[in-house]
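# Close look at the chain arrangement
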Amino acid sequence: MTTARARGLTHGVPAEVSLQDALAAVADPVRRSILRELAAVPEWTKACGTFAQPVAKATLSHHFAVLRAAGLIEQRDAGPRRLNRLRRPEFDAVFPGLLDLVLSHPGR
């Protein structure tokens, strides 16, 4: 059963994302850090509340929305938690090498 909260999530399809939107999504240091955190863990194991980011909860929610719209992450609800996965294979198929570059760049 899909909850109203989950129905509010929209996910971009990487094949439909413009290069401009993909670059804009990875331009922010907080979003790059989120992507690095997701790349370091198995899919669907990292909940939104567990990201170590120096921003307010509402700001973090905005960053997740940008990453979803760009087709970089997928989110789903599991009880009270919202779990995340990096959509690396799908994104790499459209923008080969871009995610590798983002993930290999250290720090903020």
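These numbers come from a predicted model, not from an experiment.

### Considering helix α2 (residues 19-27)
Within the span of α2, buried status applies to Ala-22, Ala-25 and Val-26. One side of α2 holds all its buried residues, which, seen down the axis, span an arc of 90°. For α2, the exposed residues lying more than 90 degrees away from the buried face are Gln-20 and Ala-27. Those residues of α2 that are buried are in contact with α3 (29-39), α4 (57-69), α5 (88-94) and α6 (98-104).

### Digging into the UniProt feature "domain: HTH arsR-type" (unreviewed entry) in the protein chain
On the UniProt side, "domain: HTH arsR-type" (unreviewed entry) is annotated at positions that read residues 21-100 here. For residues 21-100, the helix share is 51%, the strand share is 18%, and the end-to-end C-alpha distance is 17 Å.

### Brief notes about the nonpolar core
Membership of the largest hydrophobic core comes to 23 residues, with the highest contact counts inside it found for Ile-34, Leu-35, Phe-64, Leu-72, Ile-73, Phe-91 and Leu-99. Every element with two or more residues in this core is listed here: α2, α3, α4 and α6.

### Let's talk about the packing of α3 against α4
The geometry of α3 relative to α4 is characterised by a closest axis approach of 10 Å and an angle of 70° between their N-to-C directions. By the angle between their directions, the pair α3 and α4 is classed as roughly perpendicular. Of α4, the residues touching α3 (which contributes Val-30, Arg-31, Ile-34 and Leu-35) are Leu-60, His-62, His-63, Phe-64, Val-66 and Leu-67. Residue classes in the contact of α3 with α4 are distributed as seven nonpolar, two polar and one charged.

### Here's the deal with the packing of aromatic side chains
One pass over the structure, following the stated rule, counts two aromatic pairs. Summarising the aromatic geometry, the rings of Phe-91 and Phe-95 are spaced 5.0 Å apart at their centres and angled 40° between planes, so their arrangement reads as tilted. Pair check on accessibility: Phe-91 and Phe-95 agree, each one buried. Above the face of the Phe-51 ring, Lys-46 is positioned so that its terminal group lies 4.9 Å from the ring centre.

### Some thoughts on unusual backbone geometry
The phi torsion at Trp-44 lies on the positive side, around 65°, for a residue other than glycine. Its place among the elements puts Trp-44 in the loop between α3 and β1 (46-47).

Cut-offs used in this document
Residues numbered from 1 in each chain as written. Predicted model: local features only at pLDDT ≥ 70, side-chain atom pairs only at ≥ 80, totals over all residues. Heavy atoms only, no water. Buried < 20%, exposed > 50% of the residue type's maximum accessible area, 1.4 Å probe, protein only. Helix = DSSP H or I, 4+ residues; strand = E, 2+ residues; numbered from the N terminus. Arc of directions from axis to C-beta. Contact = heavy atoms within 4.5 Å. UniProt positions renumbered as here; feature names shortened; annotations may be inferred. Core = buried A, V, L, I, M, F, W, Y, C linked by side-chain atoms within 4.5 Å. Axes fitted to C-alpha atoms, helices over the stretch in contact; angles between N-to-C directions. Parallel < 35°, antiparallel > 145°, perpendicular 65-115°, else oblique. Nonpolar A, V, L, I, M, F, W, Y, C, P; charged D, E, K, R; others polar. Phe/Tyr/Trp six-rings, centres within 6.5 Å; stacked < 30°, edge-to-face > 60°. Lys NZ or Arg CZ within 6 Å of the ring centre and 35° of its normal.

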